[in-house]
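Each chain, written out:
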Amino acid sequence: MASSHSSSPVPQGSSSDVFFKKEVDPTKHIRPVQSLPDVCPKEPTVTDQHRWTIYHSKVNLPAALNDPRLAKRESDFFTKTWGLDFVDTEVIPSLYLPQISKEHFTAYQQEISQREKIHERCKNICPPKDTFDRALLHTHDKSRTDLEQVPKIFMKPDFALDDSLTFNSVLPWSHFNTAGGKGNRDAASSKLLQEKLSHYLDIVEVNIAHQISLRSEAFFHAMTSQHELQDYLKKTSQAVKMLRDKIAQIDKVMCEGSLHILRLALTRNNCVKVYNKLKLMATVHQTQPTVQVLLSTSEFVGALDLIATTQEVLQQELQGIHGFRHLGSQLCELEKLIDKMMIAEFSTYSHSDLNRPLEDDCQILEEERLISLVFGLLKQRKLNFLEIYSEEMIITAKNIIKQCVINKVSQIEEIDTDAVMKLADQMRMLNFPQWFDLLKDIFSKFTVFLQRVKATLNIIHSVVLSVLDKNQRTRELEEISQQKNATKDTSLDTEVAYLIHEGMFISDAFSESELTPIAIDATSQRNASPNSEPCSSDSVSEPECTTDSSSSKDQTSSSAIAGGVDIMVNEDMKLTDLELGKLANNIQELLYSASDICHDRAVKFLMSRAKDGFLEKLNSTEFITLSRLMETFILDTEQICGRKSMSLLGALQSQANKFVNRFHEERKTKLSLLLDNERWKQADVPAEFQDLVDSISDGKIALPEKKSGAAEERKPAEVLIVEGQQYAVVGTVLLLIRIILEYCQCVDNIPSVTTDMLTRLSDLLKYFNSRSCQLVLGAGALQVVGLKTITTKNLALSSRCLQLIVHYIPVIRAHFEARLQPKQYSMLRHFDHITKDYHDHIAEISAKLVAIMDSLFDKLLSKYEVKAPVPSACFRNICKQMAKMHEAIFDLLPEEQTQMLFLRINASYKLHLKKQLSHLNVINDGGPQNGLVTADVAFYTGNLQALKGLKDLDLNMAEIWEQKRISSTLQCKCLCLTYQDSCLSCQSA
């Protein structure tokens, strides 16, 4: 037994203390160990100058205990007492003592390692204490001196003569060379080398003997201790023999029967396990025929569940069975085949569902079949089935239009299908009513088609949501189950620990009785699958199966974590919540796509019909009917799918813009022709126009329906009555009002063109204002129509027509404002500009009338002479012209405007009269000339006030004599048809 190991004290304890006793402070409970007498007391070695400790021991203790009296060497010192026949036998390990391993000393090693490091550091740093006496130092110095004579090569730890360099250094060849007559000298050298080596050997032996002599007492003490040890071992052997006899008796009386019963119970359980395993194997053996039966009835979900359950059983409970070594790969191939079958089945179902007659009232075709297919596809993560359905929708939409066109063309006898081969050309031969009925039929078929698609997608969406809800509930249940299992495991560990601490025996039967219910629950949940026989709960109690099951679960969990995907273990649906949510969104997008597909096909159908300009040639009624049909279809699809598709709406807007352009050009051209042929004479007002104006007064801006019988009985009126006022108008203005109402009604029928119509209507009103100004004020009618002159009646009639349009501009503005978006209100400024332009035009006409009379006054009064007779010829002509003016305009303009106009004419008259009197030097002095002028003025005043409506007119003729500024003849800014100085509003401004 080598003594080079550390002899530091090691705490000893019972086996139970290793596991169930609390850790204690070793400094308080470890008894000091009495060490043996120092084998090498206080003697330094050759290479170490420090004080000797047990860590420096290099002595072979069995070699020191050799007994020279024995005839032969024993294998160990125990043969001294037990004899030469003693043979080592293997000691049977006890069942009641724990197996001691390196882990039991881990705590002690950790505790002592720090001390050892400190000790080694101190040993290298601190110098040794000088505790030797003089004699030992002297002996040590002598021994060291002797040893210094020995070459250092012999002291090296790697000294070996088989090394050529070492051998040549110890035994140089020069001492053994006998050639060249130097034999005697070489022999002497060899002898001298031998003696030197012998001397080195003697020095070493003397030092070894000296060291042994210093430790002789320790050797004798060890021999004495050996005799005591032999006696103690003898007594121990006798005690062990007695203990074994007692234990054998106790085992025979108390344990053998109970252990036999436990063995029988364990054997029975093993037999049950074997039986259940065989039943499970029989069930697994029937998997493939059962799958074939399920596939024959399109039960894809049941077949996939059965395959998944069988795969799990093969990997966990039937792993390693030779007969099933190929079943796993066969099931994988069968699963791939089922994937292809489900894709083909779903494609067939989609084709059958979307292409069945649209007259069928059934919304969903074979709902259970669809649900089964969707569940199977989700289980296998085949999420591309939505693309299959999308492609089938596109094909079906094309077929719907094609079939509708074929049915409609076949009903029209005028179309020769043999002469016209292309279906598109045949469709273009339809007139508007026929084509409109065809479009209505297509839209109705598309509506039914979208309702079916929505119903089918709702079923798929509900399946996806149910799977998502199932995943969430399963996750919650697993979390609750894990918490319960953790609590149960903690209580079970505490109970087992208590039993072991009390020294009770825990057998395999205990684990069977306590742990089997837990395994039963896990197995019953895992093996619960359709068309499969449940396995016995005992089949999972086997340790090997439990280990395989747990390892497979660990692998599934770790792969899920590594992939970053939260997959529920042992779940049918392997999709994550994120994937299911994305799939639900894709289903909704597919419904939007169905609406877009229908709209796109409808747009292509419209564009194919519009190639020959068919849509642009539609009249207002036809286009409005078409627009309403398309808007109705857009609203229906939006209500079904939940989102408005923009393609058909864009096509409608494009056609509406073209319609608006044509609509505006037609009416502008019509208005231009009317104006170019207008003779600016008062026209009779038909009853239908009066009804039109009355409907506007009631707040309804729309074209009234024609009354066939009543219209013939009612005679045309001379004037148009609007809210109690009479308007004498020309025929062009009556038609213009009807055109304006057509614009407003078009806005009601086609709301999308409101802004365009507002712009076009503004342009139309501006055109009427500018063109009428050119024809009347600019005298363009003389060349265009052939009028001889522009009379005051023409001017007054034009002014009244403009006033009628101005009256309706606020009504038109309110109509458009109610149909515009708030951000579009800025466009209403066009009406403000138009109103201002019309007022300016009216004022110019009034100024023109005043200017006509002003030139007449200038011509007549410039020749006026103050002389008899009274009234003078000049004033007679002036009164005659004033009467003609009154006669021309009184029936056209309202009384208020007539009075204001004659006030302005009278102001012009007074201005010219005052100028002429100043030229003639006639003053208000009461003389004869003054009397003549006063008589003429009185004649003028009497004739003017005698005119109808001018009786109460304040002429204020005294101003002709006053020395102050005559009122300006400029037009009043407030457009009140009076002078600036006579208008109270202008004076206040």
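Being a predicted model, the structure only gives us computed values, none of them experimental.

Caption draft 1: Structural detail: the overall build of the protein chain. Looking only at helices and strands, the protein chain has 32 helices and two strands in total. Taking all 989 residues of the protein chain together, the buried fraction comes to 36%. Taking the contacts inside the protein chain whose residues are at least 6 apart along the sequence as the reference set, 77% of them involve residues at least 24 apart. Taken as a whole, the protein chain presents about 59200 Å² of accessible surface, with 55% of it coming from carbon and sulfur.

Caption draft 2: Looking closely at the state of the cysteines. Scanning the entire structure with this criterion turns up zero disulfides. A disulfide-free cysteine, C641 has its sulfur positioned 7.5 Å from the sulfur of C598, the nearest such atom. Residue C641 is classed as buried on the basis of its relative accessible area, which comes to 2%.

Caption draft 3: Spatial organisation of the packing of aromatic side chains. Taken as a whole, this structure holds 14 aromatic pairs when the rule is applied. These aromatic residues form a ring-pair network of at least three members: F857, Y864, F875, Y909 and Y940. It is R800 that lies over the ring of Y727; its NZ or CZ is 3.8 Å from the centre.

Caption draft 4: Focus on helix α9 (residues 216–285). Between the first and last C-alpha of α9 there are merely 83 Å, a value that for 70 residues lags more than 12% behind the 104 Å anticipated at 1.5 Å per step. Where α9 bends most, the angle comes to about 50°, and this point is C255. The set of residues buried in α9 consists of A218, F219, Q226, Q230, K273, N276, K277, L280 and V284.

Caption draft 5: Region of interest: unusual backbone geometry. Residue P869 is bonded to the preceding A868 through a cis peptide linkage, with omega at 5°. Cis geometry is adopted by the peptide bond preceding P871, which originates at V870 and carries an omega value of -5°. By secondary structure assignment, the location of P871 is in the loop between α28 (829–861) and α29 (873–889). The backbone of W680 sits at a positive phi, close to 55°, despite the residue not being glycine. Note on placement: W680 falls in the loop between α21 (647–676) and α22 (687–697). Judged by its relative accessible area of 2%, W680 falls in the buried class. You will see that N921, though not glycine, has its phi angle at about 60°, which is positive. For N921, the location among the structural elements is in the loop between α30 (895–920) and α31 (928–946). Owing to a relative accessible area of 61%, N921 belongs among the exposed residues under this scheme.

Caption draft 6: Here's a closer look at the packing of helix α12 (residues 327–355) against helix α13 (residues 367–379). Relative orientation of the contacting elements α12 and α13 amounts to 145°, with a least axis distance of 10 Å. Pair α12 / α13 crosses with left-handed handedness. Contact residues: M342, I343, E345, F346, T348 and Y349 in α12; R369, L370, L373, G376 and L377 in α13. In terms of residue class, the contact of α12 with α13 is made up of seven nonpolar, two polar and two charged.

Caption draft 7: Layout of the environment of A935. Here A935 lies in helix α31. Judged by relative accessible area, which is 28%, A935 ranks as partly exposed. Once the C-alpha coordinates of A935 and V870 are considered, the two residues, 65 residues apart in sequence, prove to be 6.7 Å apart.

Definitions and limits used
- Residues numbered from 1 in each chain as written.
- Predicted model: local features only at pLDDT ≥ 70, side-chain atom pairs only at ≥ 80, totals over all residues.
- Heavy atoms only, no water.
- Helix = DSSP H or I, 4+ residues; strand = E, 2+ residues; numbered from the N terminus.
- Buried < 20%, exposed > 50% of the residue type's maximum accessible area, 1.4 Å probe, protein only.
- Contact = heavy atoms within 4.5 Å.
- Areas by Shrake-Rupley, 256 points an atom, 1.4 Å probe, with all protein chains shown as cover.
- Disulfide = S-S within 2.5 Å.
- Phe/Tyr/Trp six-rings, centres within 6.5 Å; stacked < 30°, edge-to-face > 60°.
- Lys NZ or Arg CZ within 6 Å of the ring centre and 35° of its normal.
- Expected span 1.5 Å × (residues − 1).
- Bend = angle between axes of the 7 residues up to and from the residue.
- Axes fitted to C-alpha atoms, helices over the stretch in contact; angles between N-to-C directions.
- Left-handed = near helix turned anticlockwise from the far one by under 90°.
- Nonpolar A, V, L, I, M, F, W, Y, C, P; charged D, E, K, R; others polar.

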